[in-house]
Amino acid sequence: MSRIILKSAAVAFASVAVSLLLTLVVVPAMGFPISRTVWLTATVCPLMLAWIASAGTFWQSDRLKNAHRDLARTHAQLAAAHRRLSEKASRDDMTGMLNRETFFAALDGSRRKADRGALLIIDADHFKTINDNYGHLTGDDALLLIAAAIERGVRSGDVLGRIGGEEFAAFLVGATEPEARHVAERIRREVELIRFRPVDERTVPLTVSIGGVTCGESATVSELMRAADRRLYEAKHRGRNLSILDRDISEAA
């Protein structure tokens, strides 16, 4: 408030100075004497009117500036909240990986940017048995261990998602066939090394089967999924705890 008073006072005194200057020039030029009334009018009127008007203007200006700052701060808070909600909506609640919809959107985006890469589908073996024997909460604990093992097995920059109850997917960005086979086997081994003891210190083995395919240049996401699914089915059929990878989409067909 004191700043507003000082600013409006400066404007008022400047107005008085201009008014007196005009009075000294205009009144004699019109042939009138400069009386006390003229001096008072030239001083008091601009002083009061300019002070009041400028004080009101500066006060409104400060209110508008404060309102603008508040709006900008609120906008930033809403934008941050929107980003958090968007991030939460794109993630699987339990594992923190991308959910199914977001994973496939990311896969499609990655395919548009680069032709080379590989898709792995990773499915936990005999998982229904764990749920049936130990309960779903224990099954969730096992899934978290498997998810962590998958994250250890992939490379930095690869895209991970949980696309089903006990089914995960990884898109290995830019991976060649040897790199993809190496990553798939590393994931399988990381899961196999887990020592899961849900009750009475008895170790329950955890394994995954992995089907994968390296990306052909014109392969669609649907074609990649079908090819990887076929290799996953083959891994399950051949005894589980296996990783089977196709060289490219044409061979997978």
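> How should I be thinking about the pattern of salt bridges in this particular structure?
Opposite charge on two side chains makes pairing possible when the charged atoms of those side chains draw close. Across all of its chains, the model carries 13 salt bridges by this definition. Where Arg162 meets Asp92, a salt bridge forms, and the shortest distance between an N and an O atom there is 3.2 Å. Taken together, the positions of Arg162 in strand 2 (residues 159-162) and Asp92 in the loop between helix 2 (36-89) and helix 3 (100-113) put the pair 70 residues apart, joining distant regions of the chain. Of the two residues, Arg162 and Asp92, neither departs from the other in class, the shared state being buried. Among the ionic pairs, Arg189 bridges to Glu192, the shortest N-O distance being 2.8 Å. Of this pair, Arg189 and Glu192 both sit in helix 6 (residues 177-192), 3 residues apart, roughly one helical turn. Among the ionic contacts, a cluster of salt bridges with common partners joins Glu185, Arg188, Arg189 and Glu192.

> Even after reading the chapter, I still don't get the pairing of strand 3 (residues 167-173), so can you show me in this structure?
Judged by how many residues are buried, strand 3 sits mostly within the fold: 6 of 7 residues are covered. The sheet contact formed by strand 1 (residues 117-124) and strand 3 spans 7 bridges and is antiparallel. Along strand 3, the bridge assignment pairs Ala118 with Leu172. With 4 bridges connecting them, strand 2 and strand 3 associate as antiparallel partners. Along strand 3, the bridge assignment pairs Arg162 with Phe168.

Rules used throughout
- Residues numbered from 1 in each chain as written.
- Predicted model: local features only at pLDDT ≥ 70, side-chain atom pairs only at ≥ 80, totals over all residues.
- Heavy atoms only, no water.
- Salt bridge = Lys/Arg side-chain N within 4 Å of Asp/Glu carboxyl O.
- Helix = DSSP H or I, 4+ residues; strand = E, 2+ residues; numbered from the N terminus.
- Buried < 20%, exposed > 50% of the residue type's maximum accessible area, 1.4 Å probe, protein only.
- Pairing = 2+ DSSP bridges.

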